[in-house]
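So you can see what is in the structure, the chains are spelled out below.
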Number of protein chains: 2
Amino acid sequence: LTQGKDAEGNPFWEIGNNRRIGFSEFKGTTLVNIREFYTAPNGELKPGKKGISLTLEQYKALLRVLPELNASLQAE
Amino acid sequence: LTQGKDAEGNPFWEIGNNRRIGFSEFKGTTLVNIREFYTAPNGELKPGKKGISLTLEQYKALLRVLPELNASLQAE
């Protein structure tokens, strides 16, 4: 697993093709971010438009549906 | 779990605030979509800009990192 920390010290994990899942704090709220990054002209990796920031509640809902989603995917 | 099928027959699950996770086929490739929807003036629910479509490989990478992510979240 390729893991790192961003400029704010928030942990993230690479999931391929410059896409990452990680989490951050925003105004006291934890957000789980799944986002694509791109390399800026200065070589810095910056967050792109493709992505979504989930509240903890939405993330927990996502975790709950994964078994059904995976079963449905495997039945394809 | 609130589950449904979209106009193309692709399954999705609600994760809150008009956000869904589901999957679809695009040119023979399965994509796992996590996306926010909005209600169009005609009442139809349409995909919005916030979201990301993961390849199966990226989705499997995401599944692999979840235990570490969850442990890190709980250590907060």
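As a reminder, the structure under discussion sits directly above these lines.
Everything in this summary refers to the structure shown in the same document.

The rules behind each value
- Residues numbered from 1 in each chain as written.
- Chains lettered and ligands numbered in written order.
- Predicted model: local features only at pLDDT ≥ 70, side-chain atom pairs only at ≥ 80, totals over all residues.
- Heavy atoms only, no water.
- Least-squares fit on C-alpha atoms with pLDDT ≥ 70 in both.
- Contact = heavy atoms within 4.5 Å.
- Helix = DSSP H or I, 4+ residues; strand = E, 2+ residues; numbered from the N terminus.
- Buried < 20%, exposed > 50% of the residue type's maximum accessible area, 1.4 Å probe, protein only.
- Buried area = accessible area lost by both parts, 1.4 Å probe.
- Salt bridge = Lys/Arg side-chain N within 4 Å of Asp/Glu carboxyl O.
- Polar contact = N/O pair within 3.5 Å; in protein donor to acceptor, adjacent residues only side chain to side chain.

**Some points on the relation of the copies chain B and chain A**
Once turned by 180° and shifted 0.0 Å along the axis, chain B lies on chain A with an RMSD of 0.0 Å. Given the turn and translation reported, the copies of this chain are related as if by a two-fold rotation axis. The rotation axis passes nearest to the C-alpha of glycine 51 of chain B in chain B, at a distance of 2.4 Å. By residue overlap, the copies meet face to face through one surface: 100% of the interface positions of chain B are interface positions in chain A.

**Some points on the environment of glutamate 76 of chain B**
Relative to the elements of secondary structure, glutamate 76 of chain B occurs in the segment after α1 (56-74). Between the C-alpha atom of glutamate 76 of chain B and that of valine 65 of chain B, which follows or precedes it by eleven residues, the distance is 17 Å. Filtering out sequence-adjacent residues up to four positions away, glutamate 76 of chain B remains in contact with Phe23 and Glu25 of chain A.

**Details of unusual backbone geometry**
In this structure, lysine 27 of chain A takes a positive phi of about 50° despite not being glycine. Structurally, the position occupied by lysine 27 of chain A is in the loop between β3 (19-26) and β4 (29-39). Given the relative accessible area of 74%, lysine 27 of chain A is considered exposed. The backbone of asparagine 18 of chain B sits at a positive phi, close to 60°, despite the residue not being glycine. Note on placement: asparagine 18 of chain B falls in the loop between β2 (11-16) and β3 (19-26). Looking at asparagine 18 of chain B, the relative accessible area reads 35%, which means it is partly exposed.

**Observations regarding the interface of chain B and chain A**
Of the residues lining the interface, 38 residues belong to chain B; the matching set on chain A comes to 38 residues. Between chain B and chain A the total buried area reaches about 3,200 Å² when both faces are included, carbon and sulfur atoms providing 71% of it. Joining chain B to chain A, the criterion identifies zero salt bridges. Scanning the region where chain B abuts chain A turns up nine residue pairs in polar contact (both at pLDDT 80 or more).

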